[in-house]
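Observations on the three-dimensional arrangement
Given next are the chains, with one letter for each unit.
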Amino acid sequence: MVNRKISKKAIYVLIGIFVFAVLVTIGGVRTFFDWSEVNYAGEIVETRNGSFLIKGGGEKQWLIIIMDDTKIRKGREALTRSLQEGEHVIVVGTQNAGGAVEADVIRVAKPPPLKKPKP
């Protein structure tokens, strides 16, 4: 009879661990999708007054609007110069009704490594 109580407790503990793992996984997936919806990355292909156009993977392009409170950084430091064409950036922001992205944070990133041609 003692063995049955221990086995029931073990089953309940395992069920609890399983439910916890499922909830943590669901939370992580939701966080990933929330982050990916507001995260835009690519190369600046055109600069405009107060905005710029970036080209991401798959030929996607986004118009990024620099707001008054937008933080522009390179590494840990604030960027004091203007953004330039050819720079790679990661932008966190939300799309407005017109489809442009209103940037909260812009980070200048290192360009991706060049792919070596296959022999």
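Thresholds, definitions, all that
- Residues numbered from 1 in each chain as written.
- Predicted model: local features only at pLDDT ≥ 70, side-chain atom pairs only at ≥ 80, totals over all residues.
- Heavy atoms only, no water.
- Helix = DSSP H or I, 4+ residues; strand = E, 2+ residues; numbered from the N terminus.
- Buried < 20%, exposed > 50% of the residue type's maximum accessible area, 1.4 Å probe, protein only.
- Contact = heavy atoms within 4.5 Å.
- Phe/Tyr/Trp six-rings, centres within 6.5 Å; stacked < 30°, edge-to-face > 60°.

Okay, the overall build of the protein chain next. Secondary structure assignment for the protein chain yields 1 helix and 6 strands. In the protein chain, the succession of α and β elements from N to C terminus is α-β-β-β-β-β-β. The buried share among the 119 residues of the protein chain stands at 21%. Pairs at least 24 residues apart make up 47% of the contacts formed inside the protein chain by residues separated by at least 6 positions.

Per the stated rule, a full pass over the model turns up 1 aromatic pair. With centroids separated by 5.3 Å and ring planes inclined at 65°, the aromatic side chains of Tyr40 and Trp62 adopt a geometry described as edge-to-face. Note that Tyr40 is positioned in strand β1 (residues 39-48) and Trp62 in strand β3 (residues 61-74), a separation of 22 residues in sequence.

Another point: the environment of Thr94. Looking at the secondary structure, you find Thr94 in strand β5 (residues 88-95). Each C-alpha atom, one on Thr94 and one on Ile64, is 9.7 Å from the other, the two residues being 30 residues apart in sequence. Dropping the residues within four chain positions of it, Thr94 is found in contact with Val38, Ala100, Val101 and Glu102.

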